[in-house]
Amino acid sequence: MNDPIGDMLTRIRNGQMRGKSTVMTPASKLRGWVLDVLADEGYIRGYESATDKSGHPAYEISLKYYEGTPVIREVKRVSKPGRRVYMSVKDIPTVRQGLGVSIVSTPKGVMSDANARTANVGGEVLCTVF
């Protein structure tokens with residue numbers, strides 16, 4: 001697999017389109033940090049460590065719905081393996097005039113765009129969520 005973050009976001013997107021309550025994704029530190037940001041911002045209910053059928057570590061992500069519609073309307077991968085996107089703190093984009101969130105990988109850890117501006121640190125823009 002070339003893009004583990006893109007794979008996880010696609011699993012979340014597909015699970016919500018099908019109305020699933022939970023989805024499974026392979027576990028990694030970076031995926032866990034991205035899921036922490038999604039949970040802190042209220043886009044997912046949470047996640048738990050589990051194992052898949054073959055015994056490998058995985059995360060079970062609890063998806064969140066509001067009145068039957070998914071809370072995550074749109075999720076886009078910004079920095080891809082073929083084209084990395086790095087931005088300084090003043091260039092980090094706001095998503096939908098502040099209604100969405102950009103997830104940024106910084107030297108101080110993976111955080112939302114608002115937290116990156118507060119910490120005055122830039123980095124790699126992993127994805128945007130609305």
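Residues numbered from 1 in each chain as written. Predicted model: local features only at pLDDT ≥ 70, side-chain atom pairs only at ≥ 80, totals over all residues. Heavy atoms only, no water.

S.K.: Sorry, what's going on with the domain arrangement of the protein chain here?
M.R.: Many descriptions give the size of an interface as the accessible area lost when the pieces come together. On domain assignment, one finds that the protein chain holds domain 1 (4–70) and domain 2 (75–129). Here domain 1 and domain 2 have C-alpha centroids that lie 19 Å from each other. The partner domain 2 presents 12 residues to the 11 residues of domain 1 that form the contact. Between domain 1 and domain 2, roughly 980 Å² of surface is buried when both sides are summed, and carbon and sulfur atoms account for 77% of that area. Contact with domain 2 buries surface across domain 1, with Leu 9, Val 37 and Tyr 43 losing the most and accounting together for 43% of the total. For the interface between domain 1 and domain 2, the tally reads 0 salt bridges. For the pair domain 1 and domain 2, the number of links is 3 residue pairs in polar contact (both at pLDDT 80 or more). (Domains from an automatic or database assignment. Contact = heavy atoms within 4.5 Å. Buried area = accessible area lost by both parts, 1.4 Å probe. Salt bridge = Lys/Arg side-chain N within 4 Å of Asp/Glu carboxyl O. Polar contact = N/O pair within 3.5 Å; in protein donor to acceptor, adjacent residues only side chain to side chain.)

S.K.: What is the right way to read the packing of aromatic side chains from this model?
M.R.: Geometrically, a pair of aromatic rings is defined through the distance of the ring centres and the angle of the planes. Tallying each qualifying case throughout the model produces 1 aromatic pair. Both rings, one in Tyr 47 and one in Tyr 59, keep their centres 5.0 Å apart while their planes meet at 75°; by these two values the pair is edge-to-face. With Tyr 47 in strand E2 (residues 44–51) and Tyr 59 in strand E3 (residues 57–63), this pair connects stretches of sequence that are 12 residues apart. Judged by its relative accessible area of 25%, Tyr 47 is partly exposed. Taking the relative accessible area as the measure of exposure, Tyr 59 reaches 12% and is therefore buried. (Phe/Tyr/Trp six-rings, centres within 6.5 Å; stacked < 30°, edge-to-face > 60°. Helix = DSSP H or I, 4+ residues; strand = E, 2+ residues; numbered from the N terminus. Buried < 20%, exposed > 50% of the residue type's maximum accessible area, 1.4 Å probe, protein only.)

S.K.: Help me understand the environment of Val 104, please; the structure alone is not making it clear to me.
M.R.: Looking at where Val 104 falls in the secondary structure, it is placed in strand E8 (residues 101–106). Among the residues examined, Val 104 registers a relative accessible area of 0% and is labelled buried. Once the C-alpha coordinates of Val 104 and Asn 115 are considered, the two residues, 11 residues apart in sequence, prove to be 9.3 Å apart.

S.K.: Would you explain helix H2 (residues 29–40) in this entry?
M.R.: Since the α-helix turns once every 3.6 residues, residues separated by three or four places project in the same direction. The terminal C-alpha atoms of H2, which comprises 12 residues, lie 17 Å apart, in line with the 16 Å expected from a rise of 1.5 Å per residue. Three or more residues of H2 are buried, namely Arg 31, Gly 32, Val 34, Leu 35, Val 37 and Leu 38. Of the residues one or two after H2, Gly 42 is the one with positive phi, at around 90°. (Expected span 1.5 Å × (residues − 1).)

S.K.: What's the story with the pattern of salt bridges in this structure? I'm lost.
M.R.: Two side chains bearing opposite charge may form a pair once their charged atoms approach each other closely. Overall, the coordinates contain 6 salt bridges when judged by the stated rule. Measuring nitrogen to oxygen at the nearest pair gives 3.8 Å for the salt bridge that ties Arg 117 to Asp 113. Taken together, the residues span about one helical turn, with Arg 117 and Asp 113 both in helix H3 (residues 113–119) at a distance of 4 residues. We classify Arg 117 as partly exposed; its relative accessible area is 32%. For Asp 113, a relative accessible area of 6% translates into the label buried. Residues joined by salt bridges that share partners form a network here, namely Asp 7, Arg 11 and Arg 31.

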